[in-house]
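Coordinate analysis (summary)
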Amino acid sequence: MTDSPLAVRPERRAELAAGLARIRARIADACAAAGRGRDEVTLVAVTKTYPAADVLALAGLGVADVGENRDQEAAPKAAAVAAAGAAPRWHFIGQLQRNKARSVIRYADVVQSVDSARLAAALDAAASGARDRPLDVLVQVSVDGDPARGGALPGAADPERGLDPVAAAVAGARGLRLAGLMAVAPLGWEPDRAFARLAEVAARLRADHPGASLLSAGMSGDLESAVAHGATHVRVGSALLGMRPTLG
Ligand SMILES: *Cc1c(COP(=O)(O)O)cnc(C)c1O
C-alpha cells in the first residue's frame, strides 16, 4: 500500500482530518447561528490541483461530495478514484467548454456552472442516451450582472445568457434536471450583500421551478455568510486541503 500512488502518508491523512474537523465545526456553527439544521448544508470538498489520493483519503473520512473545475484534471482523477473503489459525487464547478460536455457527463453527478443555453444544449445532447438518469444542473448566476465574467444574468431577456431563459433551457432538456443555482461572490463585494441578492434571485427562480431547491454558495472565506443566506452546498478548497500552489 505504501508504494501505491493512491496512498496518502499518515501525516497528510492527519492534516486532512484536522482540516475537515475545522470546516465541519464552522458549518455546524453557521447553521446554529442561522437557526438551520446541520443536515441542510452539504460540504463539497474542492479538490482541484490536489491528487486522487487526497480524494480517497477524504472519502475515507466521510466526505461524499467533491468539486473540480477542469475536465483535463478531473477526468483522470475521477477514473483513478473509481478504480480504487470509492464513489464520491463529483460536482463540476468550473467554466466548461461545450466540446468537453461529452467527457464531463461520464463522471460528473452535478454540473454547477451552466450559464448559457448553448452549454445546456450541449450537455443535454451528451447526457441523453449516455446516462441512465438525468444530469443534475445548477445554473451559475452572475450576482453583479457583469457579462464579461461567468454566470447567467438575472433579469436579462437575452435568450443565450439571461437567467430565466437558461433555466428554462435546462428545465426543458430531457437529459438534464434543473436542481438550483450556484454563485461566487463578486470580487470587492461584501459576502452578505452578494448572498442576500443571490437569495432573492433563488426565491424568484423557485416560484417558477419549485424543484430547483439547491443553492451552492460560499467558499473557504465566506461560507458563514452563505449559510446565513440559505446555501445548501458550500464549496471549500483551501481551508480544507491547504493553499493551492497556483490559482486554479
Ligand atoms: C476553487 C473554487 C472554490 C473553492 O475556493 P476556496 O477559496 O479554495 O475554498 C469554490 N468554488 C469555485 C467555483 C472554485 O473555482
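Structure shown above.
Here's a quick rundown of the structure. Just so you know, these numbers come straight off a predicted model, no measurement behind them.

Looking at the ligand, there are 11 residues lining it, with Lys48, Ser220, Gly237, Ser238 and Arg244 nearest. Take Arg235: an N or O atom from its side chain is 2.8 Å from a nitrogen atom of the ligand. In the model, an oxygen atom of the ligand is placed 2.8 Å from a nitrogen or oxygen of the Ser238 main chain. Burial of the ligand by the protein chains amounts to 87% of its free accessible area of 390 Å². Its residues placed into classes, the shell around the ligand shows four nonpolar, four polar and three charged.

The first and last C-alpha atoms of helix 7 (residues 191-208) sit 26 Å apart over 18 residues, in line with the 26 Å expected at 1.5 Å per residue. Within helix 7, burial applies to Ala194, Phe195, Leu198, Val201, Ala202 and Leu205. Seen from one end, helix 7 has its buried residues packed into an arc of 120°, which puts them on one side. Looking at helix 7, the residues exposed on the side facing more than 90 degrees away from the buried face are Arg204 and Ala207.

Now for the nonpolar core. Judged by nonpolar contacts, the single largest core of 73 residues is most densely connected at Val111, Val114, Leu123, Leu181, Val234 and Leu240. With residues up to four places along the chain from it excluded, the contact list for Leu123 reads Leu96, Ala101, Ile105, Val111, Val114, Leu135 and Leu176.

Take helix 6 (residues 163-171) next. Of the positions making up helix 6, those classed as buried are Leu163, Val166, Ala167 and Val170. Seen from one end, helix 6 has its buried residues packed into an arc of 100°, which puts them on one side.

Turning our eyes to something else, we now look at the pattern of salt bridges. All chains considered together, the criterion is met by 11 salt bridges. In this structure, Arg89 engages Asp65 in a salt bridge whose closest nitrogen and oxygen atoms are separated by 3.2 Å. Of this pair, Arg89 sits in strand 3 (residues 89-92) while Asp65 sits in strand 2 (residues 65-68); the two residues are 24 residues apart in sequence, bridging distant segments of the chain. You can call Arg89 partly exposed: its relative accessible area is 33%. Given a relative accessible area of 8%, Asp65 falls into the buried group.

Analysis parameters
Residues numbered from 1 in each chain as written. Predicted model: local features only at pLDDT ≥ 70, side-chain atom pairs only at ≥ 80, totals over all residues. Heavy atoms only, no water. Near = heavy atom within 4 Å. Polar contact = N/O pair within 3.5 Å; in protein donor to acceptor, adjacent residues only side chain to side chain. Areas by Shrake-Rupley, 256 points an atom, 1.4 Å probe, with all protein chains shown as cover. Nonpolar A, V, L, I, M, F, W, Y, C, P; charged D, E, K, R; others polar. Helix = DSSP H or I, 4+ residues; strand = E, 2+ residues; numbered from the N terminus. Expected span 1.5 Å × (residues − 1). Buried < 20%, exposed > 50% of the residue type's maximum accessible area, 1.4 Å probe, protein only. Arc of directions from axis to C-beta. Core = buried A, V, L, I, M, F, W, Y, C linked by side-chain atoms within 4.5 Å. Contact = heavy atoms within 4.5 Å. Salt bridge = Lys/Arg side-chain N within 4 Å of Asp/Glu carboxyl O.

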